[in-house]
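The chain contents come next:
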Amino acid sequence: MKIKLQQWAKPLLASALLALLPLASHAADPVKIGFLVKQAEEPWFQDEWKYAEQAAKDKGFTLVKIGIPNGEKMMAAIDNLATQKAQGFVICAPDVKLGAAVARAAKRHDLKVISVDDQLVDGAGKPIAGIPHMGISGYEIGKQVGLGLLEEIKKRGWNLNEVGALRVAFDQLPTGRERTIGAVDALKAAGLPADNVIAAPQAKTDTENAFNAANIAFTKNPKFKHWVAMGMNDEAVLGAVRAGEGRGIRKDELIAIGIGGSQTALNEFTKPAPTAFFGTVLISPKRHGYETAANMYSWITTSQAPPAVTLTSGTLMTRQNQTELRKQMGL
Ligand code: GLA
């Protein structure tokens with residue numbers, strides 16, 4: 001049956017529909033995005049949060065920041081986000097092997113997930129399809145560390161046979177391993193004997209654990225005249241620098257280059273007397289924080305998923321170019 005609307009009824013119907021419009025737009029919940037990080041106390045993650053906040057302000061969504069130092073806290077945080085009616089979250093998990101658990105929890109709560117920094121893997125160690133990732137190009141950035149060390153070794157006229165290469169290692173994290181292996185490969189390609197590479201495994205990825213690991217390695221290897229040090233981030237390398245100082249190995253015998261360029265490195269660079277912390281490969285917490293959060297917002301609001309993998313690059317930063325370089329990168 002076809003209903004013919006009377007001429008007089010048309011404006012009435014139109015205004016009734018107009019009155020309903022605000023209801024319709026309120027029906028969509030405001031966008032809320034979680035940003036979960038494994039080490040909230042680390043300057044890198046503080047910076048990521050800061051730039052994610054900037055994205056929230058620019059785009060007009062609510063950001064929920066939660067520190068997740070272990071698997072239990074991580075699962076509680078995801079449940080909490082669901083209760084708060086968030087639509088998605090960005091995550092750097094405390095252990096990449098929790099990938100399957102993250103994917104399951106997200107699916108159960110109908111939450112979108114993007115990983116940042118550390119790529120989540122399944123039980124077989126394969127990246128989880130369906131979780132877009134943004135991280136650094138670990139091996140390439142590690143090579144930049146190695147090349148930076150080599151340049152300084154050359155300037156000082158050191159003989160590579162007499163140089164010990166301290167690799168503060170956290171090999172259970174793939175990006176951590178790639179970074180330090182990249183550095184070692186660059187040194188070996190230039191002629192550093194493989195036997196001169198000393199692995200110092202850290203139990204946790206902070207300066208204290210790196211300090212302990214480096215201390216043991218220095219003690220066990222008194223034969224080297226000079227040292228270089230590398231690690232997965234500035235905190236790791238700083239542990240080696242402090243351990244060296246404790247043993248009288250200072251900046252004339254040790255060159256250390258980190259990865260990061262956040263406050264940990266800046267604190268070293270602004271000390272009046274230079275330490276063995278020679279440089280760091282500056283990477284971008286702005287891209288990792290702002291872009292992942294903004295990508296999540298687009299995914300939620302326009303159904304446009306971000307690329308499966310985005311790898312970001314870095315630039316060697318020293319005391320000399322720190323101010324200019326950070327400005328160039330908008331930090
Ligand atoms: C890892 C490290 C952090 C930082 C990021 C950068 O998560 O633990 O310190 O280097 O990678 O992507």
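You'll find the structure just up there.
Residues numbered from 1 in each chain as written. Predicted model: local features only at pLDDT ≥ 70, side-chain atom pairs only at ≥ 80, totals over all residues. Heavy atoms only, no water.

Visitor: Explain the site of the ligand here, please?
Guide: Lining the immediate surroundings of the ligand are 13 residues, of which E42, D117, D118, R179 and N233 lie closest. One of the side-chain N or O atoms of D117 is found 2.6 Å from an oxygen atom in the ligand. Taking R179, its side chain carries an N or O atom lying 2.8 Å from an oxygen atom of the ligand. Its free accessible area being 310 Å², the ligand has 99% of it covered by the protein chains. (Near = heavy atom within 4 Å. Polar contact = N/O pair within 3.5 Å; in protein donor to acceptor, adjacent residues only side chain to side chain. Areas by Shrake-Rupley, 256 points an atom, 1.4 Å probe, with all protein chains shown as cover.)

Visitor: What is the right way to look at the pairing of strand 1 (residues 32-37) in this model?
Guide: Looking down a regular strand, the side chains alternate between one sheet face and the other. Counting buried positions along strand 1 gives 5 out of 6 residues, so the element sits mostly inside the fold. Relative to strand 2 (residues 62-67), strand 1 runs parallel, the two being bridged by 6 bridges. Residue pairing for strand 2: G34 is matched across the bridge by V64. Regarding topology, helix 2 (residues 43-59) serves as the crossover connection from strand 1 to the parallel strand 2, and that connection is right-handed. As judged from the 5 bridges shared by strand 1 and strand 3 (residues 88-92), these two strands associate in the parallel manner. Bridging from a neighbouring strand, I33 pairs with G88 of strand 3. (Buried < 20%, exposed > 50% of the residue type's maximum accessible area, 1.4 Å probe, protein only. Helix = DSSP H or I, 4+ residues; strand = E, 2+ residues; numbered from the N terminus. Pairing = 2+ DSSP bridges. Right-handed = clockwise from strand over helix to strand, strands pointing away.)

Visitor: What is the right way to look at the sheet that holds strand 5 (residues 133-136) in this model?
Guide: Strand pairs in the sheet, formed through backbone hydrogen bonds, run parallel or antiparallel to each other. As summarised here, the arrangement of the 6 strands in space is 2-1-3-4-5-11, forming an open sheet in which the pairing is parallel. At either margin of the open sheet sits one strand with a lone partner, and together these are strand 2 and strand 11 (309-312). When strand polarity is set aside, the average angle formed by the axes of neighbouring strands in this sheet is 15°. Most of the contacts of helix 10 (residues 285-302) go to strand 4 (residues 112-116), to which it runs at about 165°, and overall it touches strand 1, strand 3, strand 4, strand 5 and strand 11. (Axes fitted to C-alpha atoms, helices over the stretch in contact; angles between N-to-C directions. Contact = heavy atoms within 4.5 Å.)

Visitor: So what exactly am I meant to see when it comes to the nonpolar core here?
Guide: The nonpolar side chains of a soluble globular protein tend to be buried, and buried together. In terms of nonpolar packing, the biggest core is built from 45 residues, with F35, F61, V145, L149, L187, V228 and M230 touching the most fellow members. The residues contacting L187, other than those within four sequence positions of it, are G146, L149, L150, I153, A165, L192, V228 and M230. In terms of nonpolar packing, the next biggest core, distinct from the first, is built from 29 residues, F224, A240, V241 and A265 among them. (Core = buried A, V, L, I, M, F, W, Y, C linked by side-chain atoms within 4.5 Å.)

Visitor: Looking at this model, I keep getting lost on the environment of M75. Mind explaining?
Guide: Counting through the fold element by element, M75 comes out in helix 3 (residues 71-83). Note: C-alpha distance between M75 and L192 (117 residues apart in sequence) is 45 Å. Residues in contact with M75, not counting those within four places in the same chain, are A101 and A105.

Visitor: Which parts of the structure should I look at to understand the packing of helix 2 against helix 10?
Guide: Packed helices, taken two at a time, are described by their axes: the angle between them and the distance between them. Here helix 2 crosses helix 10 at 40°, and the two axes come no closer than 7 Å. Considered as vectors, helix 2 and helix 10 are oriented oblique to each other. Crossing geometry of helix 2 relative to helix 10 is assigned as right-handed. Note on element contacts: helix 10 touches helix 2 through P285, K286, H288, G289, Y290, A293, A294 and Y297, opposite W44, D47, E48, Y51, A52, Q54, A55, D58 and K59. (Parallel < 35°, antiparallel > 145°, perpendicular 65-115°, else oblique. Left-handed = near helix turned anticlockwise from the far one by under 90°.)

Visitor: When you look at the sheet that holds strand 7 (residues 197-201) in this model, what are you seeing that I'm missing?
Guide: Taking strand neighbours across the sheet as the criterion, the 6 strands line up as 7-6-8-9-10-12 in an open arrangement whose pairing is mixed. At either end of the open sheet lies a strand with only one pairing partner, and these are strand 7 and strand 12 (315-318). Averaged over neighbouring strand pairs, the angle between their axes works out to 25° when direction is ignored. By the bridge criterion, 4 bridges tie strand 10 (residues 277-282) to strand 12 in an arrangement that is antiparallel. Bridge pairing in strand 12 links T280 to M317. Most of the contacts of helix 5 (residues 138-156) go to strand 9 (residues 254-260), to which it runs at about 155°, and overall it touches strand 8 (226-230), strand 9, strand 10 and strand 12. In this fold helix 8 (residues 234-246) packs onto strand 6 (163-169), strand 8, strand 9 and strand 10, with an angle of close to 160° to the strand it touches most, strand 9.

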